[in-house]
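# Architecture and fold: a report
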Protein chains: 2
Amino acid sequence: MNLESYFSQKSKLINAAIKKSLPKDGSIISKAMRYSMLAGGKRLRPIFVLLAAELCGGKIENVMPAACAVEYLHTYSLVHDDLPAMDNDDLRRGKPTSHKMFGESAAILCGDALLTESFDLITKSKASDKNIKEAVKILSYYGGYQGMIAGQAEDTLEAGKWKNKNKAFLKKKLYFIHMQKTAALIMASFKIGAVLAGADRKKVKALEEYAKNIGLAFQIADDILDVYADKKLLGKKGSDKDNNKLTYLSFYGKEKAEKDASAYVQKAKNAVKMFGKKSEILNLIADYMTARKY
Amino acid sequence: MNLESYFSQKSKLINAAIKKSLPKDGSIISKAMRYSMLAGGKRLRPIFVLLAAELCGGKIENVMPAACAVEYLHTYSLVHDDLPAMDNDDLRRGKPTSHKMFGESAAILCGDALLTESFDLITKSKASDKNIKEAVKILSYYGGYQGMIAGQAEDTLEAGKWKNKNKAFLKKKLYFIHMQKTAALIMASFKIGAVLAGADRKKVKALEEYAKNIGLAFQIADDILDVYADKKLLGKKGSDKDNNKLTYLSFYGKEKAEKDASAYVQKAKNAVKMFGKKSEILNLIADYMTARKY
């Protein structure tokens, strides 16, 4: 199987579904929602929803609304993260950020709207009411104050306050930030796909463990790319250092960072051996987490 | 029945449930969530959830999580609405606003967290999975880009751009803003309570119509209070005029505003005659919308 063509095939389906789901009423908020949702992006999280459903015997068309939902939630987090009061980024994927295009208040409301809409989308999946309720719980948990928002908060609010803390404390903090900021939503994506497809507990757990580990590998790779990647390919300037953020590199250096990312990739692969031959695509994705160039 | 004691009795139950539902992990976001949720407020929307459920034969303890959910959603909208990029208010209910207390980025994330959590709370109601799914749809619709956010957007983004528009256009705009900004969430509250209690379509429709009309009356009264109320009682300075907002008063003057508000109150009462003797409390609440002093 070729991962590139797999991603490209799935992201085409997802892009079509996202386009169809977006509002077309011409209001500023609708325009801002369309702009940020259609500004590119690899659609990894929605691909994970579809993949998890397929691995658990579900049909991708049944979970497509939920796949869109996680992308809406992910995109809202980027729109708010880019705000002047947060990371203050002007570019995202090589294009002006939402607040640069539509102003700060429209960007705040656009993020709010994307987040709210993500929960409506979840309910449009074709699954039992019980499983849809469970998917709503998963999205709100991993997207909420115990999940992604906790990571954003530590990452943004605590930036620059790390100077006088001891190393053990900071390492724990960094793990927490990576878990919540990045791994949480990847975990949510796999779990939502699996749960909507009616997977048993064992499969959900295996995919959750896999997702956690590729999420951690992904974030370490992201910290490396923030410093070493071709900024044109990356579509943004690396801003972690300017923002005094805690990064994997600043602690461990590039060599150890790469080694640790590989270890997480291996852990991820081990977690999903139960899927047998079907796990091939999961292995390719795990490898991709550390191999990507932007 | 005495409305004041009815409100006080119900809001005590709601406050206890809200306190129990709030995070206690000591993080900045959790502190900000607690602060904004416990900063007072009449708890009207959660009271409406409980009331609708009771009117439709449900038990209030079964819908209490949903009642908390609408208050979370309402509170997030206030936190974001007060932000410097939005209405830039320093005081809310006589206390410093969230961004004044915790900083702008924490206030953004706090609002995001409250909004996300509201959907988790909905799922904790004791009702059929089907009705919970329906309640999630209602909350996301009325809270989303077609509901409350549309009202906020018009109200904030378009403020000051009304000068060269004709009166008929502006009157339509004002109705839209009042419907979306205020009536939408009151409609959601009544509908969620009714749906979770398993009400039939006719009852849901009647309560929706009632809610729409008290919502419109409420917002006209709000515009009047923004200018005429005792600012100490109101707990904030009237800021509509400073912000060049479209208000009922600026169009129609105080006398007609009061007359129209009363007409909406009457419409609301007419809509719920089917509840017979049980509608007494609904009538008292409708009257309260225009009688309140702050």
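First, a word on scope: everything that follows refers to the structure included in this document. If you're wondering where the values come from, they're calculated on a predicted model, not measured in any experiment. (Residues numbered from 1 in each chain as written. Chains lettered and ligands numbered in written order. Predicted model: local features only at pLDDT ≥ 70, side-chain atom pairs only at ≥ 80, totals over all residues. Heavy atoms only, no water.)

### Overview of the overall build of chain A
For clarity, the threshold we go by: What counts as a helix is a DSSP run of H or I of at least four residues, what counts as a strand is a run of E of at least two, and both are numbered from the N terminus. The classification of residues rests on relative accessible area computed with a 1.4 Å probe and restricted to protein chains. Under 20% of the type maximum is buried, over 50% is exposed, and intermediate values are partly exposed. Throughout, a residue-residue contact means that at least one pair of heavy atoms, one from each residue, lies within 4.5 Å. In this description, accessible areas are obtained by the Shrake-Rupley approach with a 1.4 Å probe, and a residue is regarded as covered only by the protein chains that are shown.
Counting its secondary structure elements, chain A contains 13 helices and two strands. In terms of its C-alpha atoms, chain A occupies a principal-axis envelope of roughly 50 × 50 × 35 Å. Out of the 294 residues in chain A, the part that is buried amounts to 60%. Summarising the internal contacts of chain A: among those between residues at least 6 apart in sequence, 75% fall at separations of at least 24. With an accessible surface of roughly 12200 Å², chain A has 51% of that area assigned to carbon and sulfur atoms.

### Here we look at the packing of aromatic side chains
All names here are of chain B. The test is simple: Any two rings among Phe, Tyr and Trp, with Trp reduced to its six-membered ring, count as a pair given centres within 6.5 Å; such a pair is stacked if its planes are under 30 degrees apart, edge-to-face if over 60, and tilted if neither.
Across all of its chains, the model carries 17 aromatic pairs over all chains by this definition. A ring pair is formed by Phe7 and Tyr288, whose centres lie 5.2 Å apart and whose planes are at 80°; its orientation type is edge-to-face. Of the two residues, Phe7 sits in helix H1 (residues 3-21) while Tyr288 sits in helix H13 (residues 280-291), which places them 281 residues apart along the sequence. In terms of burial, Phe7 and Tyr288 fall into one category: buried. Taking 5.0 Å as the distance between ring centres and 90° as the angle between the ring planes, the aromatic pair formed by Tyr141 and Tyr142 counts as edge-to-face. Given a relative accessible area of 38%, Tyr141 falls into the partly exposed group. Judged by relative accessible area, Tyr142 falls into the buried class, the value being 9%.

### Focus on helix H6 (residues 104-123) of chain B
Note: α-helices contain 3.6 residues per turn, so residues at a spacing of three or four share the same orientation. The condition that has to hold: To estimate how far a helix should reach, multiply one less than its number of residues by 1.5 Å.
When the terminal C-alpha atoms of H6 of chain B are compared, their 30 Å separation across 20 residues agrees well with the 28 Å that a helix rising 1.5 Å per residue should span. Here H6 of chain B lies mainly inside the structure; 19 of its 20 residues are buried.

### With respect to the nonpolar core
The test is simple: Only buried Ala, Val, Leu, Ile, Met, Phe, Trp, Tyr and Cys residues count toward a nonpolar core, and they belong to the same one when joined by side-chain atoms within 4.5 Å.
Within the largest apolar cluster, 204 residues are counted, with the highest numbers of intra-cluster contacts made by Phe190 of chain A together with Phe190 of chain B. Beyond its immediate stretch of four places on either side in the chain, Phe190 of chain B contacts Phe48, Leu51, Ala52, Leu207, Tyr210, Ala211, Ile214 and Leu282 of chain B.

### A closer look at unusual backbone geometry
Leaving glycine out, the prevailing phi sign among residues is negative, and the prevailing peptide bond configuration is trans. Residues and elements named next belong to chain A. At Arg43, a residue that is not glycine, the phi angle is positive and equals roughly 60°. Looking at where Arg43 falls in the secondary structure, it is placed in the loop between helix H2 (28-37) and helix H3 (44-55). Its identity is not glycine, yet Asn88 carries a phi of approximately 55°, on the positive side. The partly exposed category is assigned to Asn88, whose relative accessible area is 44%.

### Some remarks on the relation of the copies chain A and chain B
Stated precisely, the cut-off is as follows: To superpose the copies, least squares is applied to the C-alpha atoms of every residue with a pLDDT of at least 70 in both.
Between chain A and chain B, the superposition needs a rotation of 180° and an axial shift of 0.0 Å, giving an RMSD of 0.0 Å. Look at the turn and shift together and you get a two-fold axis relating the two. For chain A, the residue whose C-alpha comes nearest the rotation axis is Asp129 of chain A, separated from it by 2.7 Å. In this assembly the copies share their binding face: 100% of the residues contributing to the interface of chain A also contribute to that of chain B.

### Concerning the environment of Ser98 of chain B
All names here are of chain B. Turning to its location among the elements, Ser98 is positioned in helix H5 (residues 98-102). When the C-alpha positions of Ser98 and Tyr264 are compared, they lie 34 Å apart, and in sequence the two are 166 residues distant. Each residue touching Ser98, except ones within four places of it in the same chain, is listed here: Ala32, Val79, Gly103, Ala107 and Cys110.

### Considerations on the interface of chain A and chain B
Quick reminder of the rule: Values labelled buried area give the accessible surface lost by two parts on being combined, using a 1.4 Å probe and summing over both. The term salt bridge refers to a side-chain nitrogen of Lys or Arg lying within 4 Å of a carboxyl oxygen of Asp or Glu. Polar contacts, as used here, are pairs of N or O atoms within 3.5 Å; protein pairs need one atom able to donate a hydrogen and one able to accept it. Residues neighboring in sequence count only if both atoms are side-chain atoms. Just so you know the grouping, Ala, Val, Leu, Ile, Met, Phe, Trp, Tyr, Cys and Pro go in nonpolar, Asp, Glu, Lys and Arg go in charged, and all remaining residues, Gly too, go in polar.
On the side of chain B, 41 residues touch chain A, which itself brings 41 residues to the contact. Of all residues in chain A, Leu109, Thr116 and Tyr145 of chain A give up the largest surface area on contact with chain B, accounting jointly for 18% of the area buried on that side. The tally of links between chain A and chain B comes to two salt bridges. One salt bridge connects Lys133 of chain B with Asp129 of chain A, and the closest N-O pair in it is separated by 3.1 Å. At the boundary of chain A with chain B, the tally comes to seven residue pairs in polar contact (both at pLDDT 80 or more). Within the residue set of the side of chain A that touches chain B, elements represented by two or more residues are H2, helix H4 (60-81), helix H6 (104-123), helix H7 (129-143) and helix H8 (148-157) of chain A. Grouping the amino acids of the side of chain A that touches chain B by side-chain chemistry returns 20 nonpolar, ten polar and eleven charged.

### Focus: the pattern of salt bridges
Residues and elements named next belong to chain A. Applying the stated criterion to the full structure yields 30 salt bridges over all chains. Residue Glu208 pairs with Lys191 through a salt bridge whose shortest N-O separation is 3.4 Å. Remark: Lys191 occurs in helix H9 (residues 167-196) and Glu208 occurs in helix H10 (residues 201-228); sequence separation between them is 17 residues. A salt bridge links Lys277 to Glu280; the shortest N-O distance between them is 3.9 Å. The class for Glu280 is partly exposed, based on a relative accessible area of 31%. Each of Lys191, Lys205 and Glu208 takes part in one network of salt bridges that share partners.

### Details of the packing of helix H8 (residues 148-157) of chain B against helix H9 (residues 167-196) of chain B
Residue and element names in this part refer to chain B. This is how it is decided: Here, axes are lines fitted to C-alpha atoms. For helices the fit covers the stretch in contact, and angles between N-to-C directions go from 0 to 180 degrees. Angles are sorted into four bins: roughly parallel if under 35 degrees, roughly antiparallel if over 145, roughly perpendicular if 65 to 115, and oblique for all others. Helix crossings get a hand from a simple test, with the near helix turned counterclockwise from the far one by less than a right angle marking a left-handed crossing and a clockwise turn marking a right-handed one.
H9 packs onto H8 with a crossing angle of 135° between their chain directions and a minimal axis gap of 7 Å. Compared by their axis directions, H8 and H9 come out oblique. In the packing of H8 onto H9, the handedness of the crossing is left-handed. For the pair formed by H8 and H9, the contact residues are Met148, Ala150, Gly151, Gln152, Glu154 and Asp155 on the first element and Lys173, Phe176, Ile177, Gln180, Lys181, Ala184 and Leu185 on the second.

Note that all results are geometric; they support no functional claim without further evidence.
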